[in-house]
Amino acid sequence: MINKDSKIYVAGHTGMVGSAIFRKLTNEGYRNILTATHKELDLTNQKATFDFFEKEKPEFVFVAAAKVGGILANNTYKAQFLYENLMIASNVIHASYLHNVKKLLFLGSSCIYPKFAPQPIKEEYLLTGELEATNEGYAIAKIAGLKLCDTYRFQYGCNFISAMPTNLYGINDNYHPEHSHVIPALIRRFHEAKIKNIPEVIVWGSGTPKREFLFADDLAEACIFLMHHYNDYGWINVGSGEEVTIKELATLIQNVVGYKGNVVFDNTKPDGTPRKLVDSTKLNSLGWKHKIPLKEGLHITYQDFLKKYGS
Ligand code: GDP
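The structure contained in this document is the topic of the report that follows. It should be emphasised that the depicted structure is a prediction, and the values quoted were computed from it without experimental measurement.

Looking now at the packing of aromatic side chains. In total, this model carries 15 aromatic pairs according to the counting rule given. Aromatic pair tyrosine 97 and tyrosine 152: ring centres 5.5 Å apart, planes at 85 degrees, arrangement edge-to-face. Here tyrosine 97 is found in helix H4 (residues 78-98), whereas its partner tyrosine 152 is found in helix H5 (residues 136-156), with 55 residues between them in sequence. Here tyrosine 97 falls in the partly exposed class, since its relative accessible area comes to 27%. Measuring from centroid to centroid gives 5.4 Å for tyrosine 169 and phenylalanine 215, while their planes differ by 55 degrees, and the two rings are tilted. Placement of the pair is tyrosine 169 in strand S6 (residues 167-169) and phenylalanine 215 in strand S8 (residues 210-215), with a sequence separation of 46 residues. What links up through ring pairs into an aromatic cluster is the set Tyr97, Tyr152, Tyr156 and Phe160. In this arrangement the basic side chain of lysine 4 is found over the ring face of tyrosine 30, its NZ or CZ atom lying 5.1 Å from the centre.

Here's what the structure looks like:
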């Protein structure tokens, strides 16, 4: 069992999810957390990864390292999204097997389910239909990672598990103007419009698609919960059940930022999938539920944005 003295490697600790896991572990009193920056350790490099595991011998591993981005980045850097994510998953999972890691948690994503999966999406819908073409590379790599966890459990008896988070947002998000996801994109756009007195803000698409959002710190808590309580095949959905239309989301962000101008929907931009809601019954029945409501999470996220980019 994981305890406060266990040696825990958080791969990807500078990213939004990894930093949330690192923060949560630290706040809960875990005192032997191992990290390495991208510069110190390139997880796409097999030898470097194997050497790191041989030297450090972590007991527990959270795999939050990945190449991630919104629809445009995924669609543009297709080869990088496939190659880098495949290499990270293969190297970290195999190194964990070679060096007898006691337990590993790998992260998938709700966007790797079939494009037209019935809603809410249950775990067993994976690989039952075509993937969304724009993020196929990312999805194939993440599906390979999930299957590595299950096959290493089957063949070698490794206690490797996986979680499938819904759309995430929070502290340390990526605010790139084109390559980010909708929440950081709109926080930035509304904020810039407010300080520059721009009369209108453009929101992509029709405003009608629905999305479920989870604050990254809630996901971190769920990951630590699963490290304690789940030891089996398969992947566990991690959602909030809090679903809003993009129009409702835009209004929420507009209010959080305090922008008084108009909101205009640009129908020439893609809507993406109409709805993406995961069924979190499995996780909820294990005894975990999210804590931070969307509105509160947006306030915290905007404060974090102001601290870093406010000026
Ligand atoms: P998705 O859940 O994989 O589609 O990821 P996104 O976060 O990129 O997009 C979610 C929804 O928000 C889509 O319907 C987008 O069209 C919409 N959206 C509205 N404005 C923006 C924006 O400025 N950036 C992004 N990425 N999406 C936006």
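Let us keep going from here.
For strand S5 (residues 160-165), the tally of buried residues reaches 6 of 6 residues, placing the bulk of the element in the interior. Direction of pairing for strand S4 (residues 103-107) relative to S5: parallel, over a ladder of 4 bridges. Across the sheet, leucine 104 pairs through a bridge with phenylalanine 160, a residue of S5. Once you follow S4 into H5 and on to S5, the crossover reads as right-handed.

On to the site of the ligand. Neighbouring the ligand are 14 residues; Val182, Arg189, Arg211, Pro270 and Asp271 lie closest to it. The contact in question runs from a nitrogen atom of the ligand to an N or O atom on the backbone of serine 180, over 3.1 Å. Across the complex, the protein chains shield 92% of the 530 Å² of accessible surface that the ligand would expose by itself. Among the elements of the structure, helix H6 (182-195) and strand S7 (200-204) are those that each provide at least two residues to the shell around the ligand. Counting residues per element, the shell around the ligand draws most heavily on H6, at 3 residues. Considered class by class, the residues forming the shell around the ligand number 7 nonpolar, 3 polar and 4 charged.

We now examine a nonpolar patch on the surface. A contiguous nonpolar surface patch, about 200 Å² in accessible area, is contributed by Leu82, Leu86 and Ile140. Leucine 82 gets classed as partly exposed once you look at its relative accessible area, which sits at 31%.

Moving on, we get to the pairing of S4. Taken across its 5 residues, S4 has 5 buried, putting it largely inside the fold. The alternating pattern of S4 places Lys103, Leu105 and Leu107 and Leu104 and Phe106 on opposite faces, both of which are buried.

Quick notes on the rules
- Counting from 1, residues in each chain are numbered in the order their sequence is written.
- Side-chain atom pairs in this predicted model are given and counted only at pLDDT of 80 or more, local residue features only at pLDDT of at least 70, and totals for whole chains, interfaces and linings cover all residues.
- Note that water and hydrogens are dropped before the side-chain values are worked out from all heavy atoms of the structure.
- Aromatic pairs are defined between Phe, Tyr and Trp rings, using the six-membered ring for Trp, whenever the two ring centres lie within 6.5 Å; interplanar angles under 30 degrees are classed as stacked, those over 60 as edge-to-face, and all others as tilted.
- Helix and strand definitions follow DSSP, with helices as H or I runs of at least four residues and strands as E runs of at least two, each counted in order from the N terminus.
- Relative accessible area decides the class of each residue, using a 1.4 Å probe on protein chains only: under 20% of the type maximum gives buried, over 50% gives exposed, and in between gives partly exposed.
- For a lysine, the NZ atom is tested; for an arginine, the CZ atom; a charge sits over a ring if that atom is within 6 Å of the ring centre and within 35 degrees of the ring normal.
- By this definition, two strands are paired if DSSP reports at least two bridges between them.
- With the strands pointing away from the viewer, any crossover whose connection runs clockwise from the first strand over the helix to the second is right-handed.
- Here, proximity means that at least one heavy atom of the residue falls within 4 Å of the molecule or strand.
- Pairing of N or O atoms within 3.5 Å defines a polar contact, subject to two protein rules: one partner must be a possible hydrogen donor and the other a possible acceptor, and residues neighboring in sequence count only if both atoms are side-chain atoms.
- Shrake-Rupley sampling with a 1.4 Å probe provides the accessible areas, and residues are treated as covered by the protein chains on show and by no other component.
- Classes in brief: Ala, Val, Leu, Ile, Met, Phe, Trp, Tyr, Cys and Pro nonpolar; Asp, Glu, Lys and Arg charged; the others, Gly included, polar.
- Each patch groups residues whose relative accessible area exceeds 30% and which form no salt bridge, using 9 Å between like charges and 5 Å between nonpolar side chains of Val, Leu, Ile, Met, Phe, Trp and Tyr.
- By salt bridge we mean one thing: a side-chain nitrogen of Lys or Arg within 4 Å of a carboxyl oxygen of Asp or Glu.

Interpretation note: all reported values are geometric properties and have no functional meaning in isolation.
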